Amino acid sequence: MPGVARVAVEKGEVVAHVQRDALVPLMLTLRDDPRFACEQMMDLCGVDWPQRPERFEVVYNLLSVSRNHRIRVIVTTDETALVPSVCAIWPAATWWEREAWDLFGILFAGQPDHRRILTDYGFDGHPLRKDFPLTGYVEVRYDDERKAVVYEPVALTQEFRSFDFVSPWEGITTLPGDEKAHAMRSGGAATKRTD
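Criteria and cut-off values
Residues numbered from 1 in each chain as written. Predicted model: local features only at pLDDT ≥ 70, side-chain atom pairs only at ≥ 80, totals over all residues. Heavy atoms only, no water. Helix = DSSP H or I, 4+ residues; strand = E, 2+ residues; numbered from the N terminus. Expected span 1.5 Å × (residues − 1). Buried < 20%, exposed > 50% of the residue type's maximum accessible area, 1.4 Å probe, protein only. Contact = heavy atoms within 4.5 Å. Salt bridge = Lys/Arg side-chain N within 4 Å of Asp/Glu carboxyl O. Pairing = 2+ DSSP bridges. Patch = residues over 30% accessible without salt bridge, like charges linked within 9 Å, V, L, I, M, F, W, Y side chains within 5 Å. Areas by Shrake-Rupley, 256 points an atom, 1.4 Å probe, with all protein chains shown as cover. Axes fitted to C-alpha atoms, helices over the stretch in contact; angles between N-to-C directions.

Enquirer: Sorry if this is basic, but what is going on with helix α2 (residues 93-104) here?
Expert: Three or four residues apart is the spacing at which side chains of an α-helix point the same way, because the helix has 3.6 residues per turn. The end-to-end C-alpha separation of α2 is 16 Å, in line with the 16 Å expected for twelve residues at 1.5 Å each. Across the twelve residues that make up α2, a large majority, nine, are buried. Listed in full, the buried residues belonging to α2 are Ala-93, Thr-94, Glu-97, Arg-98, Ala-100, Trp-101, Asp-102, Leu-103 and Phe-104. In this structure, the buried side of α2 is in contact with β3 (40-48), β4 (56-64) and β7 (108-109). Positioned one or two residues after α2, Gly-105 has a phi angle of 85°, which is positive.

In structure tokens:
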């Protein structure tokens with residue numbers, strides 16, 4: 001098929017790596033061709049590989065109910081290149097494309113609703129990118145005095161703690177009720193109940 005870079009079978013599922021410009025024609029074929037009959041797009045997700053020039057993968061998981069198989073389609077992109085939207089083929093893709101944009105910053109050409117879906121409208125960054133700081137940039141809280149939601153820079157007020165990582169159970173060699181097992185391990189004979 002044109003635009004398909006490679007196809008493999010991974011864990012019993014067909015996985016197709018596709019060029020961005022061939023995505024929409026391929027998806028139409030996978031939906032409409034009776035050999036594939038992928039009636040449903042189950043989900044779309046992003047994957048971040050920061051060391052690659054095209055750091056993002058957009059993964060489409062398709063399901064054919066009538067033929068009882070799944071097909072995974074993967075497209076790569078970078079921070080600026082647009083991935084063609086498939087929301088005209090599967091309307092449910094609108095939600096998933098919004099989520100991929102919100103959490104990874106992946107842009108979709110033809111997506112009619114590029115709004116944040118899981119983070120706040122004023123949120124800075126995309127939290128599922130590998131280079132996003134674990135504590136974020138700002139914290140949000142409700143201020144009783146101002147009677148408003150307040151955005152503040154993240155301030156870690158708690159000092160780092162040191163943990164000994166020693167289990168309290170390591171010092172206990174015999175748990176209550178386990179005397180017989182301990183006697184067997186130490187070479188002693190277990191007493192047999194006669195009642």
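Enquirer: Can you walk me through the pattern of salt bridges in this structure?
Expert: Oppositely charged side chains can form a pair if their charged atoms are brought close together. In total, this model carries 16 salt bridges according to the counting rule given. Between Arg-20 and Glu-54 there is a salt bridge; the shortest N-O distance is 3.0 Å. Of the two residues, Arg-20 is situated in the loop between β2 (13-18) and α1 (23-32) and Glu-54 in the loop between β3 and β4; the sequence distance between them amounts to 34 residues. On the basis of relative accessible area, Arg-20 is assigned to the partly exposed category, the value being 23%. In this structure Glu-54 comes out as partly exposed when scored by relative accessible area, which is 28%. Between Arg-116 and Asp-102 there is a salt bridge, with the nearest N and O atoms lying 2.5 Å from each other. Of this pair, Arg-116 sits in the loop between β7 and β8 (138-143) while Asp-102 sits in helix α2, placing them 14 residues apart in sequence. Accessibility expressed as a relative area gives 10% for Arg-116, which makes it buried. By relative accessible area, which is 0% here, Asp-102 ends up buried.

Enquirer: Looking at this model, I keep getting lost on the pairing of β2. Mind explaining?
Expert: Two faces belong to every sheet, and in a regular strand the side chains alternate between them. Taken together, the six bridges between strand β1 (residues 4-10) and β2 define a ladder with antiparallel strand orientation. Opposite Arg-6, over in β2, you have His-17 as the bridge partner. From the end of β1 to the start of β2, which pair antiparallel, there are two residues, and Lys-11 there has a positive phi angle of about 55°. Two strands pair when backbone bridges link them, and β2 and strand β5 (residues 69-77) are joined in this way by five bridges, in the parallel orientation. Paired with His-17 across the two strands is Ile-74, which belongs to β5.

Enquirer: Sorry, what's going on with a nonpolar patch on the surface here?
Expert: Together, Tyr-137, Val-138, Val-140, Tyr-142, Val-149 and Tyr-151 make up an exposed nonpolar region whose accessible area comes to about 600 Å². The element that contributes the greatest number of residues to the nonpolar patch is β8, accounting for three residues. With respect to the secondary-structure elements, Tyr-151 resides in strand β9 (residues 148-153).

Enquirer: Please explain the sheet that holds β3 as it appears in this structure.
Expert: Hydrogen bonds along the backbone pair up the strands of a sheet, which may run parallel or antiparallel. Strands sit in the order β1-β2-β5-β4-β3 across an open sheet of five strands; the sheet is mixed. Among the strands making up the open sheet, the edge pair consists of β1 and β3. Within the sheet, the average angular offset between the axes of one strand and its neighbour, ignoring direction, is 20°. By the bridge criterion, nine bridges tie β4 to β5 in an arrangement that is antiparallel.

Enquirer: Looking at this structure, I do not really get the environment of Ala-37. What am I missing?
Expert: When you line up the elements, Ala-37 lands in the loop between α1 and β3. Judged by relative accessible area, which is 11%, Ala-37 ranks as buried. Residues Ala-37 and Arg-67, spaced 30 residues apart in sequence, show a C-alpha to C-alpha distance of 6.9 Å. For Ala-37, the contacting residues outside a window of four places in its chain are Leu-30, Arg-31, Leu-63, Ser-64, Ser-66 and Arg-67.

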